[in-house]
Amino acid sequence: MIIDTENTFEKFELNRQLLNAIADAGYTEPTPIQNKTIPLTLLGHDVLGIAQTGTGKTAAYLLPVLMKIKYAQGKLPRCLIFAPTRELVIQIDKAVGELAKYTDIRHVALYGGLGPKTQIETIQAGVDIIVSTPGRFMDLYLRGEIGVKDLKVMILDEADKMMDMGFMPQIRSILEVIPRKRQNLLFSATFPEKVERLSYEFLEFPTRVEVSPQATTAETIKQRMFPVPNMQTKINVLEYLFSTAEVQKTIIFTRSKDIADAVYNSLNGRIIPKNQIRVIHANKGQNTRINSMDAFREDVVKVLVATDVAARGIDIEHVTHVINFDVPLIYEDYVHRIGRTGRANNVGEAITFLTPAEEYHIKKIEKIIRMEIPREHIPIEVEIATTPFDENQAMLIEIDNQRKKEDPTFKGAFHEKKNPRPPVKKKSSSAKKSSGLPANVTAKSFSSPRPKNYGFAKNNKSSKRK
Ligand code: AMP
């Protein structure tokens, strides 16, 4: 009797075509999620997989599916894979191409942002696997372009993001039109209630498999944070970090398109040579986004500035640094963002900037990842910018709202005046006194060593508006 103690792909009894493709991809041993998912899927079980990106989850569901599909057959698709964004769709489709390279399995990526003509032609020629966003699939289905009667397997990837992006109605419509008898796999980085509800609708007696995200993040990703008083200081720290170290492969995440553009503009051509930095967000055309990602992947571009949605599904090897220019408000995105680095056993670094108004959110994130992210003082060389009045007010209101959320009896230390005072003349304003908070924060508030509370809410004697 042979006792298989080795952790190899051979033990799954995949066919030679797949094993060769796995070898070409450079995978020497299955990852934990692959070890758990592949045998169950091969046996035909429905699987609920809780695994973040970077764990090898894509191959975990693709390999058994490719094994089942084996070769091209008929015209209609037998496997449907849904993902929330076009970038992720393209990436999954690429993985299908790589793992199925020694087979004749036909596959297509369907996503919006470009005309459907080529996609329709590919479908009409016959496909075995469709990778799609829910929206584009439903569009083409309703136009009568996709036959679903041969479907045997349906996969939802990054289900939590799909729920966040409001795809539930489309997924429901899809479930109504596809054959009931099929195998279902659902993957999600996190398992909030809405994903749990979806799993009841979508899966039949599923087996739950899970790999712990915090184990993978803590092991291969060094995390740290810089508390800063305002947006301009974030830019200053960013510029400092880039000007003092050799620029390595870095993704800078921002919460919005405007901030992404601002960060890009501040670095482009000044701190980072023009051809080495790109920005991707929803306002950038589809081709521009794909070109930028390819250039980044190929190391032509060193720095990518990206919003969460645009960056979803980026799978790029050897990213050395992830910089969270701001703290994501969808807390799970923190895990997704930093998961871009430290992939496949490479060590990476994740640096987060946070203002006082973002403290609240980072505490929640620390709860989710079950660790405290180490804080560092702003390097002494970095200029701490004065917080503009409006930004300061906005932060104070936000902090007030956060407190109210946590404690409904809290009346609020700060409220906006209906008729704000003119900015000058009054020596000591009653408004300031009544709020007990500064109208401005100056560089003076940061004596060395730079205080953890930024001198923000209390030591406000010096804070006169100029
Ligand atoms: P995923 O979690 O599917 O986004 O995969 C993350 C990265 O890990 C991708 O670059 C894969 O190519 C890579 N990967 C997947 N499986 C393995 C494996 N068994 N060994 C090494 N790398 C892998």
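- Under an unreviewed UniProt entry, the chain has the name ATP-dependent RNA helicase RhlE and belongs to Emticicia aquatica.
- Here is the UniProt Sequence similarities (unreviewed entry) comment for the chain, exactly as written: "Belongs to the DEAD box helicase family."

### Here's the deal with the UniProt feature "domain: DEAD-box RNA helicase Q" (unreviewed entry) in the chain
Working step 1: Under the UniProt annotation, "domain: DEAD-box RNA helicase Q" (unreviewed entry) lies at residues 7-35.
Working step 2: Counted over residues 7-35, helix gives 48% and strand 0%. Its end C-alpha atoms are 9 Å apart.

### Re helix H3 (residues 57-69)
Working step 1: Counted at 1.5 Å a residue, the expected span for H3 with its 13 residues is 18 Å, and the 19 Å between its end C-alpha atoms agrees.
Working step 2: Among the 13 residues that make up H3, twelve are buried, leaving the element largely enclosed by the rest of the structure.
Working step 3: For H3, the set of buried residues is Lys-57, Thr-58, Ala-59, Ala-60, Tyr-61, Leu-62, Leu-63, Pro-64, Val-65, Leu-66, Met-67 and Ile-69.
Working step 4: Phi turns positive, to about 65 degrees, at Lys-70, one or two residues after H3.

### Comments concerning the sheet that holds strand S11 (residues 303-307)
Working step 1: Strands sit in the order S8-S13-S12-S9-S11-S10 across an open sheet of six strands; the sheet is parallel. At either end of the open sheet lies a strand with only one pairing partner, and these are strand S8 (221-227) and strand S10 (277-280). Shown here is a sheet whose adjacent strand axes are inclined to one another by a mean of 15 degrees, direction ignored.
Working step 2: Examined bridge by bridge, strand S9 (residues 250-254) and S11 share five bridges and lie parallel to one another. Across the sheet, residue Phe-253 finds its bridge partner in S11, namely Ala-306.
Working step 3: The sheet strands contacting helix H13 (residues 286-297) are S9, S10 and S11, and the helix crosses S10 at an angle near 140 degrees.

### Describing the packing of aromatic side chains
Working step 1: Throughout the structure, instances matching the rule amount to seven aromatic pairs.
Working step 2: Ring centres of Phe-9 and Phe-12 lie 6.1 Å apart, and the angle between their planes is 65 degrees; on these two criteria the pair is classed as edge-to-face.
Working step 3: On the basis of relative accessibility, which here comes to 3%, the residue Phe-9 falls in the buried class.
Working step 4: Seen in terms of ring centroids, Phe-137 and Tyr-141 are 6.3 Å apart; in terms of plane orientation they differ by 15 degrees. Their pairing is stacked. With Phe-137 and Tyr-141 both in helix H6 (residues 134-142) and four residues apart, this pair spans about one turn of that helix.
Working step 5: Under the relative-accessibility criterion, Phe-137 is labelled buried at 0%.
Working step 6: Three or more aromatic residues joined by ring pairs make a cluster, and in this case those are Phe-9, Phe-12 and Tyr-27.
Working step 7: Lying over the aromatic face of Phe-325, Lys-234 brings its terminal NZ or CZ to 5.5 Å of the ring centre.
Working step 8: When the ring centre of Phe-296 is taken as origin, the NZ or CZ atom of Lys-249, which lies over that ring, is 5.5 Å away.

### Here we look at the sheet that holds strand S1 (residues 47-50)
Two pairing modes exist for strands in a sheet, parallel and antiparallel, and in both the strands are linked by backbone hydrogen bonds.
Working step 1: Ordered by their spatial adjacency, seven strands build an open sheet running S3-S4-S2-S5-S6-S1-S7, and the pairing between neighbours is parallel. One side of each edge strand has no neighbouring strand; the edge strands of this open sheet are strand S3 (107-110) and strand S7 (207-210). Taking each pair of neighbouring strands and ignoring which way they run, the sheet shows an average axis angle of 15 degrees.
Working step 2: Across the sheet, helix H2 (residues 32-42) lies against S1, strand S6 (183-188) and S7, angled at about 160 degrees from S7, the strand it touches most.
Working step 3: Sheet contacts for helix H4 (residues 86-99): strand S2 (79-82), S3 and strand S4 (129-132); angle to S3, the most-contacted strand, approximately 175 degrees.

Calculation criteria
- Residues numbered from 1 in each chain as written.
- Predicted model: local features only at pLDDT ≥ 70, side-chain atom pairs only at ≥ 80, totals over all residues.
- Heavy atoms only, no water.
- UniProt positions renumbered as here; feature names shortened; annotations may be inferred.
- Helix = DSSP H or I, 4+ residues; strand = E, 2+ residues; numbered from the N terminus.
- Expected span 1.5 Å × (residues − 1).
- Buried < 20%, exposed > 50% of the residue type's maximum accessible area, 1.4 Å probe, protein only.
- Pairing = 2+ DSSP bridges.
- Axes fitted to C-alpha atoms, helices over the stretch in contact; angles between N-to-C directions.
- Contact = heavy atoms within 4.5 Å.
- Phe/Tyr/Trp six-rings, centres within 6.5 Å; stacked < 30°, edge-to-face > 60°.
- Lys NZ or Arg CZ within 6 Å of the ring centre and 35° of its normal.

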